[in-house]
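Chain and residue survey
Listed here are the chains, written in short residue letters.
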Amino acid sequence: MTLRVAEDFRRMKAMVLAAGVGSRLDPLTTVLPKPLVPVANSPVMEHIVRLLSVHGFTDIVANLHYLPDSIRNYFGNGSRLGVNLTFKYEEELSGDAGGVRACKDFFGNETFVVMMGDLVTDADISRIVMEHKRKKAIATIAIKQVEDVEHFGVVVQNEDGYITGFQEKPKREEAKSNRASAGIYVLEPKVFEHMPETGSYGFGRQLFPTLVEKGLPVLGCEIGSYWSDVGTIKQYRETNFDV
């Protein structure tokens, strides 16, 4: 993994989406919130927080909903991991983009990073942010080549890497791409101007297609290193073996 922590990153903040119930990981999530499910003896969210910290993102917020006290009690204020970690409780889930919208005051006027709370990856977050800034995107989606496209939302790009369309879990023979969203986003605060102020709102089905339809620059940046979504028991088991 290439570590290039830019000076500007010290002002940037990050968010971990940690509010989901994780029903596909049942029975593990009967007693544990998904971010605390262990991978190689450490909660999956701890791997994410450590990765963000290595790349200079030390001001982090996480949204909570299911078994929130378990997550608060484990991480505390984040000082043990070298970060300043705060939490935003959601009484009612409002979608992944809605959860980020609820924290918009936390981000201020700077570019920020959002990561799903069920990822194990050594993605070069610094490089993704640098590409986002170099190409002046309003949003950048980290993408990963996958074989089983029918299990993912895939993106269609032009020759410059900007996204021109999306397919949600297409049949293999109908897929226009094998590049799936990896659940890592770099966003400009201007994205909030394109969201409704209230109600449930999602990234994959609503915000990103809306930005593309408006002709705004949405970039796809490929991850060449390890990435796994531990959202199912099968993938969870394989990820533990990988680690």
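What counts and what doesn't
- Residues numbered from 1 in each chain as written.
- Predicted model: local features only at pLDDT ≥ 70, side-chain atom pairs only at ≥ 80, totals over all residues.
- Heavy atoms only, no water.
- Phe/Tyr/Trp six-rings, centres within 6.5 Å; stacked < 30°, edge-to-face > 60°.
- Helix = DSSP H or I, 4+ residues; strand = E, 2+ residues; numbered from the N terminus.
- Buried < 20%, exposed > 50% of the residue type's maximum accessible area, 1.4 Å probe, protein only.
- Lys NZ or Arg CZ within 6 Å of the ring centre and 35° of its normal.
- Pairing = 2+ DSSP bridges.
- Contact = heavy atoms within 4.5 Å.

The next subject is the packing of aromatic side chains. The full count for this structure, using the stated rule, is 9 aromatic pairs. Consider the rings of Phe-107 and Phe-192, whose centres lie 6.5 Å apart with planes at 15°: the pair is stacked. On the criterion of sequence distance, the pair formed by Phe-107 in helix H4 (residues 104-107) and Phe-192 in the loop between strand S11 (179-187) and helix H6 (203-213) is long-range, its members being 85 residues apart. No difference in accessibility class separates Phe-107 from Phe-192, as the two residues are buried. Measuring from ring centre to ring centre gives 5.2 Å for Phe-203 and Phe-208, while their planes differ by 20°; the resulting arrangement is stacked. The exposure class of Phe-208 is buried, given its relative accessible area of 2%. Grouping aromatic residues by their ring pairs yields a cluster made of Phe-106, Phe-107, Phe-112 and Phe-192. Seen from the ring of Tyr-162, Lys-135 lies directly overhead, with NZ or CZ sitting 5.9 Å from the centre.

A few words on the pairing of strand S8 (residues 139-145). The buried fraction of S8 amounts to 6 of the 7 residues, a majority that puts the element mostly inside the structure. For S8 and S11, the ladder comprises 6 bridges, and the chain directions are antiparallel. Bridging from a neighbouring strand, Ala-139 pairs with Leu-187 of S11.

Here the focus is unusual backbone geometry. With an omega dihedral of 15°, the bond running from Asp-26 to Pro-27 counts as a cis peptide bond. With respect to the helices and strands, the residue Pro-27 is situated in the loop between strand S1 (13-17) and strand S2 (38-39). Here Ala-40, not a glycine, exhibits a phi torsion of approximately 55°, which is positive. Among the secondary structure elements, Ala-40 is positioned in the loop between S2 and strand S3 (42-43). Taking relative accessible area as the criterion, Ala-40 reaches 40% and is therefore assigned partly exposed. The phi torsion at Lys-136 lies on the positive side, around 55°, for a residue other than glycine. Summarising the element assignment, Lys-136 is placed in the loop between helix H5 (125-134) and S8.

Attention shifts here to H6. Burial in H6 covers these residues: Phe-203, Leu-207, Phe-208, Pro-209, Leu-211 and Val-212. On its buried face, H6 sits against S1, helix H3 (96-101), S8, strand S10 (163-168), S11 and strand S12 (218-222). At the C-terminal side of H6, Gly-215 shows a positive phi close to 80°.

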